[in-house]
Amino acid sequence: MKFLTKVSLAAVAGAGYYLFKTKQTPAEAVTNLKAEINHKKIALQEFKAARQKLNESLANFKSEMGTVDVVSNQFQRELDEFMFIIQPHIDELNKYVDKLNSQTH
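Our subject in this report is the structure included herewith. All of these numbers come straight from a predicted model, not from anything done at the bench.

**Description of unusual backbone geometry**
Most peptide bonds are trans, and most residues other than glycine sit at a negative phi.
Then, number 1: Even without a glycine there, the phi angle at Lys23 is positive, about 55 degrees.
Then, number 2: Mapped onto the fold, Lys23 is located in the loop between helix 1 (2-22) and helix 2 (26-104).
Then, number 3: Classification of Lys23 by relative accessible area gives exposed; the value is 71%.

Here it is as structure tokens:
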């Protein structure tokens, strides 16, 4: 019982000190406390909504990564095919450039 009495007295003394220090009446303190609690609730709800959006965006991003791999592989295949077709022409041009360079030096 002594412990409960001490805790109650400490709580009352703490509340009294807070009211004295902030120069508030008990009614003002309660109003301010309610406003602060409501503000925290709204902030928590906004945080939960933002976290949910982030999780959805990450899931969407992960699902789109498969599409990126497919397109990247297709692009690489087409580039390889183009290089296969164009390489003989590049080799001929290089031979011609080398021949011109050797004639000028």
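**Observations concerning the environment of Lys34**
Then, number 1: Relative to the helices and strands, Lys34 is located in helix 2.
Then, number 2: By relative accessible area, Lys34 is classed as exposed at 55%.
Then, number 3: Sequence separation between Lys34 and Leu79 is 45 residues, and the spatial gap between their C-alpha atoms is 65 Å.

Rules of the game
- Along each chain, residue indices are assigned from 1 in the same order as the chain's sequence is written.
- Restriction of local features to residues with pLDDT of at least 70 applies here, the model being predicted, together with a cutoff of 80 or more for giving and counting side-chain atom pairs; totals for whole chains, interfaces and linings are based on all residues.
- Note that water and hydrogens are dropped before the side-chain values are worked out from all heavy atoms of the structure.
- In DSSP terms, a helix is any run of H or I states spanning at least four residues, a strand is any run of E spanning at least two, and both are numbered starting from the N terminus.
- Only protein chains enter the accessibility calculation, which uses a 1.4 Å probe; a residue is then buried when its area is under 20% of its type maximum, exposed when over 50%, and partly exposed in between.

Just distances and angles here, no functional claims.
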